[in-house]
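# Chain and residue survey
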Amino acid sequence: MIPRQLTGDVSSSLAQFPVVALLGARQVGKTTLARAIAAKRRDCLMLDLERPSDLNKLADPELFLSEHANKLVILDEVQRKPELFPVLRSLVDEHRVPGRFLILGSAAPELLRQSSESLAGRIRYLELGPLLLSEIEDPAAAWRAHWLRGGYPGSFLAKNLEQSSQWRHSFIKTYLERDVPSFGIRVPAVTLRRFWQMVAHSHGQLWNASRLAVSLQVSPTATTHYLDILEQTFMVRRLPPFFANLKKRLVKSPKVYLRDSGLLHSLLGLEDLETLQSHPVAGTSWEGWALEQVLAAVPHTWRPSFYRTATGAEIDLVLERPGKAGPLAVEFKYSVAPQVERGFWTGLEDIKATSAFVVAPVKDSYPLKPNVWVIPVHALQRLTA
């Protein structure tokens, strides 16, 4: 088992909150992490709600769960039974102690809505993503494989590239044909796949609902709905624009990224490193992959956005830090000798950034200018130093 960075947060949250929700896409390792936590506890009960025998135990959930009031109860794929949330609230209020329930879910809309209504003030949400580069042994040597294959354990840990590719294509098919319908979402798999591929071709670009709507022959409202589905199930990330009273004409549309580089490459038909590196998407693929590593490395209280003006000033990632005088700026360059454009320096002045980093496939960190560093993706701890 590869130790996950989130394990400590889950354990500490269970010591503080009656209910902890571990959310994330399917196959990222939520169940494995939960089992590792359960193995360290004496009294623990784990139920997989996709298993009929476990689901039958909850025919009368209040009666069954009351009999296990002194145990940590782990409920896997809890979105399968959203009517559980009012019961959990009642049980927690009746016997309010930390660490009563650990619920695992794939972020179906029903899960988020029901839990926010029923468990407000009683629950802590944590998100588990695919494997991070920092969680892998020898990240300086493994980054190319991680970038190409992505972080899903089934893809990254496959014996060879062919098996990795097969796993990803199977994941995409299962997600569209089984997982999405199981969330109560009624969108044809063929339509959602076409949309997903269009988003892949627009990876790292500004969101344009009208342009995609014309290609799909649907309304802009429909394309926004499809994007919501992919975002709520952790397939895509919407990065908002930076807003400040700068008296500048700022871009107002968000940028959209596929969150896993391996799925991006499969949707684009990029099956090996040579093909990827020679493809026009290589730069934005690197940007999206490195962006996910950065956001996982910094505190969750830091607010991410991007900065772009109508006159050409642009910064890939702006991180606003509570209690700090100015934001931190991050640029992504797929080059061993990265050069940043004039718009980046203009952007630093506009937002009054206190420091900046250029994340590139270099071996070692080095200064570009005062308070501006070029760093490799395996040295992201410098951002919080």
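Everything that follows concerns the structure shown earlier in this document.
Read on for an overview of the structure. Throughout this description, residue numbers start from 1 for each chain and increase along the sequence as written. Selection of residues for local features in this predicted model requires a pLDDT of at least 70, selection of side-chain atom pairs for listing and counting requires 80 or more, and totals for whole chains, interfaces and linings are taken over all residues. With hydrogens and water excluded, all non-hydrogen atoms of the structure serve as input to the side-chain values.

We treat two strands as partners when DSSP finds at least two bridges between them. Helix and strand definitions follow DSSP, with helices as H or I runs of at least four residues and strands as E runs of at least two, each counted in order from the N terminus. The strand order across the open sheet formed by six strands is β9-β10-β11-β12-β14-β13, and the pairing between neighbours is mixed. Two strands lie at the open edges of the sheet, namely β9 (303-308) and β13 (366-369), each paired on one side alone. Taking the axes of each pair of neighbouring strands and ignoring which way they run, one obtains an average angle of 30° across the sheet. Bridge count between strand β11 (residues 328-332) and strand β12 (residues 355-359): five bridges; the pairing is parallel. Its bridge partner being in β12, L328 is matched across the sheet by S355. Working rule for contacts: check all heavy atoms of both residues, and any pair within 4.5 Å makes them a contact. Only the stretch in contact is used when fitting a helix axis, every axis being a line fitted to C-alpha atoms; angles between N-to-C directions are given from 0 to 180 degrees. With respect to the sheet, helix α15 (residues 282-297) is in contact with β9, β10 (314-320), β11 and β12, its orientation differing from that of β10 by roughly 10°.

Mapping Y366 onto the fold places it in strand β13. Taking relative accessible area as the criterion, Y366 reaches 29% and is therefore assigned partly exposed. Through-space distance from the C-alpha of Y366 to that of P376 is 9.6 Å; in sequence the pair is ten residues apart. Beyond its immediate chain neighbours, meaning those up to four positions away, Y366 contacts P338, W373 and V374. To sort residues, take the accessible area from a 1.4 Å probe on protein chains only and compare it with the maximum for the residue type: under 20% means buried, over 50% means exposed, and anything in between is partly exposed.

A few words on the pattern of salt bridges. Any carboxyl oxygen of Asp or Glu within 4 Å of a side-chain nitrogen of Lys or Arg constitutes a salt bridge here. As enumerated under the stated definition, the model contains 21 salt bridges in all. Between E83 and K81 there is a salt bridge, with the nearest N and O atoms lying 3.2 Å from each other. Of the residues examined, E83 reaches a relative accessible area of 47% and is grouped as partly exposed. Taking relative accessible area as the criterion, K81 reaches 13% and is therefore assigned buried. One salt bridge in this structure joins K173 and E177, with 2.9 Å as the shortest N-O distance.

Bringing unusual backbone geometry into the picture now. Even without a glycine there, the phi angle at F234 is positive, about 65°. When you line up the elements, F234 lands in the loop between α12 (220-232) and β7 (236-239). A relative accessible area of 14% means that F234 is categorised as buried. Even without a glycine there, the phi angle at N371 is positive, about 65°. Within the secondary structure, N371 sits in the loop between β13 and β14 (372-375). Exposure remark for N371: the relative accessible area of 52% places this residue in the exposed category.

Before going further, it helps to examine the sheet that holds strand β5 (residues 123-127). Taken together, the five strands give an open sheet; going across it, the order is β2-β3-β4-β1-β5, and neighbouring strands pair in parallel fashion. Every interior strand has two partners, whereas the edge strands, β2 (44-48) and β5, have only one. Adjacent strand axes in the sheet meet at a mean angle of 15° when their direction is disregarded. Relative to strand β3 (residues 72-76), β2 is paired through five bridges, and the arrangement is parallel. In the sheet register, L45 faces β3, and the bridge partner there is V73. Helix α1 (residues 7-14) rests against β1 (19-23), β3, β4 (101-105) and β5 of the sheet, and its axis sits at about 175° to β5. The sheet contacts of helix α2 (residues 30-39) involve β1, β2, β3 and β4, and relative to β4 the element is tilted by about 165°.

Turning next to the packing of helix α10 (residues 189-201) against α12. Packed helices, taken two at a time, are described by the angle between their axes plus the distance between the axes. Their axes nearest at 11 Å, the elements α10 and α12 cross at an angle of 85°. Comparing the axis directions of α10 and α12 gives the class roughly perpendicular. Between α10, through T191, L192, F195 and W196, and α12, the contact on the second element is made entirely by T223, Y226, L227, I229 and L230. Polar here means any residue other than Ala, Val, Leu, Ile, Met, Phe, Trp, Tyr, Cys and Pro, which are nonpolar, and Asp, Glu, Lys and Arg, which are charged; Gly is therefore polar. Counted by class, the contact of α10 with α12 contains seven nonpolar, two polar and no charged residues. Here the word oblique covers every angle except those under 35 degrees (roughly parallel), over 145 (roughly antiparallel) and from 65 to 115 (roughly perpendicular).

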